[in-house]
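# Inside the fold
Below are the chains, spelled out letter by letter.
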Amino acid sequence: MYKKYFKKLLKVGKVSLSFVFVLFLVFGQIFNTQIAQAATYSFTQNNWSGLESSEIATHQLNKTGWSYITENNNLNIGENISASTSSGAKVQTSDSDFSGGVNSQTEIVSTGETASVGLDRSGMSEIQITTTSNGTGVYLIDSNGGVWSWGKNTNIQLGSGTNSSNRSTPQRVTDSSGIGYLDNARKIVAADTSVFVLKNDGTLYGWGYNGYGQLGDDTITNKNIPVQVKGVSGVGYLSNIKDVVANTNTTLAVDNDGNVYAWGRNDYGQLGDGSVVANAKTPVQVKSVGGVGFLTGVKKVLSSGNAVYALKDDGTVYAWGQNNNGQLGDGTTTQSNTPVQVKGVDGSGYLTNIIDLSSANNFAYALKDDGTVYAWGYNGYGQLGD
């Protein structure tokens, strides 16, 4: 039912491997379109045929009886929202709440000519969108590095600064002060109920559920606003980070020097520091094979189930954690609390020249530089393809 080490699958081309990523981008664009159609804003013009709202739009010279609205023209449109106008509209919306219609275009009627005010989320051009691993929350980084969230909030994973109920429309994630907004985001990852953002400056922030210390802030208290992940043993903060991975209750990060850090749940040794059972509320550095020194030269790390995988710059692969289905690829079913090197086909030598990795619950895949694919671990449904 499982394979303890790699089995060669098939040779694939770059186009087929890229297909998944194309689907992901298309999916993101669909979400972006829906966001653009959901905006609701309001303003007042004393001469509109309807009633007034709290904001004031000032008359300009473009049209008799109505305003030519721009971002700099007294219309409170909010961050990342731009406004434009066009003539020819025939329908007036509600008196004070100009809800977005098709393409978020709001139609209004003045005492003079008719006009249309279009609200466009131009600052929310989608660059990254992700969902929680259980599919209950959605998170987006906009083109300005701002972070948005919507969906389930039972573990305050939306990062809005409140313990409010679920939310069906996007809202900005606050910063660590709870006053401003999280910005300069480069990557966002989400586990079931914990979320992490890697910023452009290499710092890391998390929020949501924290029962195993997976937020890395030296507590086990849930957080409704982002907190900065601390450094090893709680000294300072993690810095120079290039990637982050969140898997249910364990979190891992790789810095620009190829060092790996882990924190959170550790009942199968998935922190890779030689310990087991004791969870970590702050990052520990992952050790090397046999617990001697530290794992270095890592360019990618990923985790699924309770196993962790690391791909090094030299094309070799290492794994640690749970191993009941041979998912560590070392020819055994014994869990390991420090990295083991993944063996080659039929246990001969070690896997080399690997350029990418992927994993799911209790099994993993590796892509070699010649286009061949290898798989190992649980195979109860034929997912290894051998």
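Just so it is clear, the model here is predicted, and its values are computed rather than measured.

### Observations concerning the sheet that holds strand 8 (residues 137–141)
The antiparallel open sheet is built from 4 strands, whose spatial order is 7-8-9-10. If you trace the sheet from one side to the other, it starts and ends with strand 7 (128–131) and strand 10 (167–172), each paired once. With direction set aside, neighbouring strand axes in the sheet form an average angle of 15°.

### Regarding the side chain of S304
Following the sequence through the fold, S304 ends up in strand 19 (residues 298–304). In terms of polar contacts, S304 uses its side chain to reach the side chain of S359, at 2.9 Å. Residues contacting S304, with those up to four places away along its chain left out, are N247, Y309, S359, A360, N361 and F363.

### As for the pairing of strand 12 (residues 194–199)
By the criterion of burial, strand 12 is predominantly enclosed, with 6 of the 6 residues buried. Here strand 12 shows no split at all, with S194, F196 and L198 on one side and V195, V197 and K199 on the other all buried. Inspection of the sheet shows strand 11 (residues 185–190) paired to strand 12 by 5 bridges, in the antiparallel sense. Looking at strand 12, one finds that K187 is bridged to L198. The antiparallel pairing of strand 11 with strand 12 creates a hairpin that spans 3 residues between the two strands. As judged from the 5 bridges shared by strand 12 and strand 13 (residues 204–208), these two strands associate in the antiparallel manner. Within strand 13, the position partnered with V195 by the bridge is W207.

### Structural notes on the side chain of N266
With respect to the element layout, N266 can be found in the loop between strand 17 (260–264) and strand 18 (280–285). Among residues more than four places away in sequence, those in contact with N266 are L271, D273, S275, V276, V277, A278 and N279.

### Observations regarding the sheet that holds strand 16 (residues 250–255)
Spatially, the 4 strands line up as an open sheet ordered 15-16-17-18, and their pairing is antiparallel. Here the strands that pair on one side only, and so sit at the sheet edges, are strand 15 (241–247) and strand 18. Sheet twist, expressed as the average angle between the axes of neighbouring strands with direction ignored, equals 15°.

Conventions we followed
- Residues numbered from 1 in each chain as written.
- Predicted model: local features only at pLDDT ≥ 70, side-chain atom pairs only at ≥ 80, totals over all residues.
- Heavy atoms only, no water.
- Pairing = 2+ DSSP bridges.
- Helix = DSSP H or I, 4+ residues; strand = E, 2+ residues; numbered from the N terminus.
- Axes fitted to C-alpha atoms, helices over the stretch in contact; angles between N-to-C directions.
- Polar contact = N/O pair within 3.5 Å; in protein donor to acceptor, adjacent residues only side chain to side chain.
- Contact = heavy atoms within 4.5 Å.
- Buried < 20%, exposed > 50% of the residue type's maximum accessible area, 1.4 Å probe, protein only.

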